[in-house]
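# Results of the structural survey
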Amino acid sequence: AAAHLIARGVPVTIFEAASRVGENIRDWGHVRLFSVWDQCIDQAAAGLLERHGWKRPEGSSLPTGGELVKDYLEPLAATPEIARSLKLDARVTRVSRAGLDRMSNKERGTRPFVLRIESANGRSERVAARAVIDASGTWQHPNPAGPGGWHADGERENASRIAYGIPDIGGTRRADYAGKRTLVLGGGHSAANALLDLALLAESAPGTRLTWAVRGTSLAKVFGGGESDQLPARGALGARLRALTTAGRLETVTGFTLEAIEKAGEAMLVTGTVDDKARQLGLFDRIIVATGQRPGFEFARELQLDLHPVVESSRALGPLIDPNEHSCGTVPPHGWRELAHPEPDYFIAGIKSYGRAPTFLLLTGYEQVRSVAAHLAGDHAAADDVRLVLPETGVCNATLEQVAPGGLCCDGAAPDAAEPCCERPPEAAKTACCSGPAPQARTACCGVSRKEAELAGVI
């Protein structure tokens, strides 16, 4: 957003709550994105970077979260134009109109915003602004594990053994999961990543056991569209999870609602319901809650926001992204008009703009802020010329049986598979590894070392 505003000559200040940029992304820095580099880079940001000698990463490769920070966000933050605008350790705790609460309408559009900024050393200041773009994300507000959108009984009391999101199972948090019984909750890509990491860990850590519980009754959406997915890595992620499931390497429970987590010695006893019938799921050492995130609006309580009643996006955007209505992940073009609220010149952009909807892609956010920046600069034609073409998932209201199994390397990928096995070029796809299940080939999957395969996320 700042890069677009700078390109248009609009003065901008960036308030970053952390002591360095990309702090939320660093939390999942070990995870490889399923968007290639060319789909992760904003044009205005790239133009700014290239003027200072930045070397663009190879466009068709898949970055990790850590690489996205190291090779893109950190260099962008270091450009003189951004660096002079960037305030670190600057947490926004309040946003309001000067002298007005949300009940007052008189002269509202002519009064500046007033932001309260708190630093890490406890100091605070007030800053005036003519417009505000809230791109603070949702990562700090994970959905709880319990029913009805609330914490389960005992969830807070057992917080030391519960992780939210995608913990670094194969790295910094390995000791937490090796040889342990882990329950993974959630039916999305975060849950898929955690399960695949746990399955890999189980190969070298005896006693590691996996249970996957989802509230829905179908796993089709997380398994995805396989070869039909226009993001091949996203399709491969679902295909590998499907192969893991059909191979019986984890216990799967569908239609499960978690009700309570009780301490049971050194373990946790998890109980809930399946199809409205009480069920004791079992004893677990660790729980991973990968049920998504939600937006936080506490600092904007005194602003006049108009939120969609279901997904908590702007009201205009809600019908376009509501997962109850759009199972394909397709999103029509949208810009400043769909992001606008009754509060003039206040915009929520990025993944926070989607509220609780899970289908956000970086390309969406880049087009959002391009439109908002054009609007704030007075270029109304450019602001309204919104163009957004997103890669489709290849699965739309599919049942489990309708989702093609597709290629998990060394777990049944057909030699004539349309997609290259293990992301190898087509001419090299027909190897012993790719011609069928071959447990003995796991140490040299598709002709690469185990370490290389782990890093590539293909085992």
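Residues numbered from 1 in each chain as written. Predicted model: local features only at pLDDT ≥ 70, side-chain atom pairs only at ≥ 80, totals over all residues. Heavy atoms only, no water.

## Describing the packing of aromatic side chains
Across all of its chains, the model carries three aromatic pairs by this definition. Centre to centre, the rings of Phe-113 and Tyr-346 are 6.1 Å apart; their planes meet at 45°, and the pair counts as tilted. Here the residue Phe-113 occupies a position in strand S4 (residues 113–119), and Tyr-346 occupies one in strand S15 (residues 346–348), the gap between them amounting to 233 residues. The buried category is assigned to Tyr-346, whose relative accessible area is 1%. Ring centres of Tyr-354 and Phe-360 lie 5.3 Å apart, and the angle between their planes is 80°; on these two criteria the pair is classed as edge-to-face. Classification of Tyr-354 by relative accessible area gives buried; the value is 0%. The ring of Phe-113 has Arg-97 lying over it, and the distance from NZ or CZ to the ring centre is 3.8 Å. (Phe/Tyr/Trp six-rings, centres within 6.5 Å; stacked < 30°, edge-to-face > 60°. Helix = DSSP H or I, 4+ residues; strand = E, 2+ residues; numbered from the N terminus. Buried < 20%, exposed > 50% of the residue type's maximum accessible area, 1.4 Å probe, protein only. Lys NZ or Arg CZ within 6 Å of the ring centre and 35° of its normal.)

## Focus: the nonpolar core
Ranked by size, the top nonpolar core spans 45 residues in total, and within it Tyr-72, Ile-321 and Tyr-354 carry the most contacts. Only helix H1 (2–7), helix H3 (43–50), helix H4 (65–78), helix H11 (336–339), helix H12 (362–376) and helix H13 (380–384) provide two or more residues apiece to this core. Not counting residues up to four positions away in its chain, the partners in contact with Tyr-354 are Val-311, Ser-313, Leu-317, Ile-321, Val-331, His-334, Thr-359, Phe-360, Thr-364 and Gln-368. Core analysis: the second largest hydrophobic core is formed by 25 residues, Ala-191, Leu-195, Leu-244 and Leu-250 among them. (Core = buried A, V, L, I, M, F, W, Y, C linked by side-chain atoms within 4.5 Å. Contact = heavy atoms within 4.5 Å.)

## Some words on the environment of Arg-91
Structurally, the position occupied by Arg-91 is in strand S3 (residues 90–97). Expressed as a C-alpha distance, the spacing of Arg-91 and Ala-18, which sit 73 residues apart in the sequence, is 7.6 Å.

## Considering the sheet that holds strand S13 (residues 277–284)
Taken in spatial order, the three strands line up as S11-S12-S13 in an open sheet, and their pairing is antiparallel. Because the sheet does not close on itself, it has two edges, and the strands there are strand S11 (256–264) and S13. Across this sheet, the average inter-strand angle for adjacent strands is 25°, counted without regard to direction. Here seven bridges tie strand S12 (residues 267–274) to S13, and the two strands are oriented antiparallel to one another. In the strand pairing of S13, Val-274 is matched with Lys-277. (Pairing = 2+ DSSP bridges. Axes fitted to C-alpha atoms, helices over the stretch in contact; angles between N-to-C directions.)

## Let's talk about unusual backbone geometry
With phi around 60°, Glu-107 is a residue other than glycine that occupies positive phi space. Counting through the fold element by element, Glu-107 comes out in the loop between S3 and S4. Glu-107 gets classed as partly exposed once you look at its relative accessible area, which sits at 44%.

## Section: the side chain of Thr-64
Residue position: Thr-64 is located in the loop between H3 and H4. Residue class for Thr-64 comes out buried when judged on its relative accessible area of 12%. Each residue touching Thr-64, except ones within four places of it in the same chain, is listed here: Gly-29, Val-31, Arg-32 and Leu-33.

## Focus: H3
Because each turn of an α-helix spans 3.6 residues, side chains separated by three or four positions end up pointing in the same direction. All buried positions along H3 are accounted for by Ala-44, Ala-45, Ala-46, Leu-48 and Leu-49. The elements touched by buried residues of H3 are H1, H4 and helix H5 (80–83). Where H3 begins, the capping side chain belongs to Asp-42, and its oxygen is found 3.0 Å from the backbone nitrogen of Ala-44. (Polar contact = N/O pair within 3.5 Å; in protein donor to acceptor, adjacent residues only side chain to side chain.)

## Focus on empty space enclosed by the protein
Applying the stated criterion across every chain yields a total of three cavities of 30 Å³ or more. By volume, the second largest cavity is sized at about 50 Å³. Taken together, Phe-297, Leu-307, Glu-312, Ser-313, Ser-314, Leu-339, His-341, Ile-348, Lys-352 and Ser-353 form the lining of the second largest cavity. Class assignment for the residues of the lining of the second largest cavity results in four nonpolar, four polar and two charged. (1 Å grid on protein atoms, 1.4 Å probe; cavity = no way out; pocket = protein on both sides within 12 Å on 5 of 7 lines; lining within 4 Å. Points joined across faces, edges and corners; volume = space filled by probe spheres on them. Nonpolar A, V, L, I, M, F, W, Y, C, P; charged D, E, K, R; others polar.)

## Topic: H4
A rise of 1.5 Å per residue sets the reference length of H4, with its 14 residues, at 20 Å; its end C-alpha atoms lie 18 Å apart and thus fit the reference within 8%. Gly-65, Leu-68, Val-69, Tyr-72, Leu-76 and Ala-77 are the residues of H4 that are buried. Its buried side turned inward, H4 meets helix H2 (23–27), H3, H5, strand S2 (86–87) and H12. (Expected span 1.5 Å × (residues − 1).)

## A few points about the pattern of salt bridges
Per the stated rule, a full pass over the model turns up 22 salt bridges. Put simply, Glu-251 and Arg-279 hold a salt bridge, and the shortest N to O gap is 3.6 Å. Highlighted residues: Glu-251 in strand S10 (residues 251–253) and Arg-279 in strand S13, separated in sequence by 28 residues. Judged by relative accessible area, which is 37%, Glu-251 ranks as partly exposed. Residue class for Arg-279 comes out partly exposed when judged on its relative accessible area of 32%. In this structure, a network of salt bridges that share partners links the residues Arg-20, Glu-23, Arg-26 and Glu-74. (Salt bridge = Lys/Arg side-chain N within 4 Å of Asp/Glu carboxyl O.)

## As for the pairing of strand S8 (residues 181–185)
Counting buried positions along S8 yields four of five residues, so the element is predominantly enclosed. On the question of chirality, the crossover connecting S8 to the parallel strand S9 (residues 209–213) by way of helix H7 (residues 189–204) is right-handed. Bridging between S8 and strand S14 (residues 286–289) involves four bridges; their strand directions are parallel. Considered in S14, the bridge of Thr-182 is made with Arg-286. (Right-handed = clockwise from strand over helix to strand, strands pointing away.)

## Some remarks on the packing of H3 against H4
Remark: H3 packs on H4, axes separated minimally by 10 Å, with the N-to-C direction vectors making an angle of 65°. Judged on the interaxial angle alone, H4 and H3 are roughly perpendicular. Read as a crossing pair, H3 and H4 show a hand that is left-handed. For the pair H3 and H4, the contacting residues are Ala-45, Leu-48 and Leu-49 in the first and Tyr-72, Pro-75 and Leu-76 in the second. Residues of the contact of H3 with H4, tallied by class, amount to six nonpolar, no polar and no charged. (Parallel < 35°, antiparallel > 145°, perpendicular 65-115°, else oblique. Left-handed = near helix turned anticlockwise from the far one by under 90°.)

## A short note on the sheet that holds S9
Taken together, five strands build an open sheet; the order of strands is S7-S14-S8-S9-S10 and the sheet is parallel. Of all strands in the sheet, those bounded by a partner on one side alone are strand S7 (162–164) and S10. Within this sheet the neighbouring strands show an average axis-to-axis angle of 20°, counted without direction. Here S9 pairs with S10 via three bridges, running parallel. Paired with Thr-211 across the bridge in S10 is Glu-251. Here H7 sits on the sheet in contact with S8, S9 and S14, set at roughly 165° to S9.

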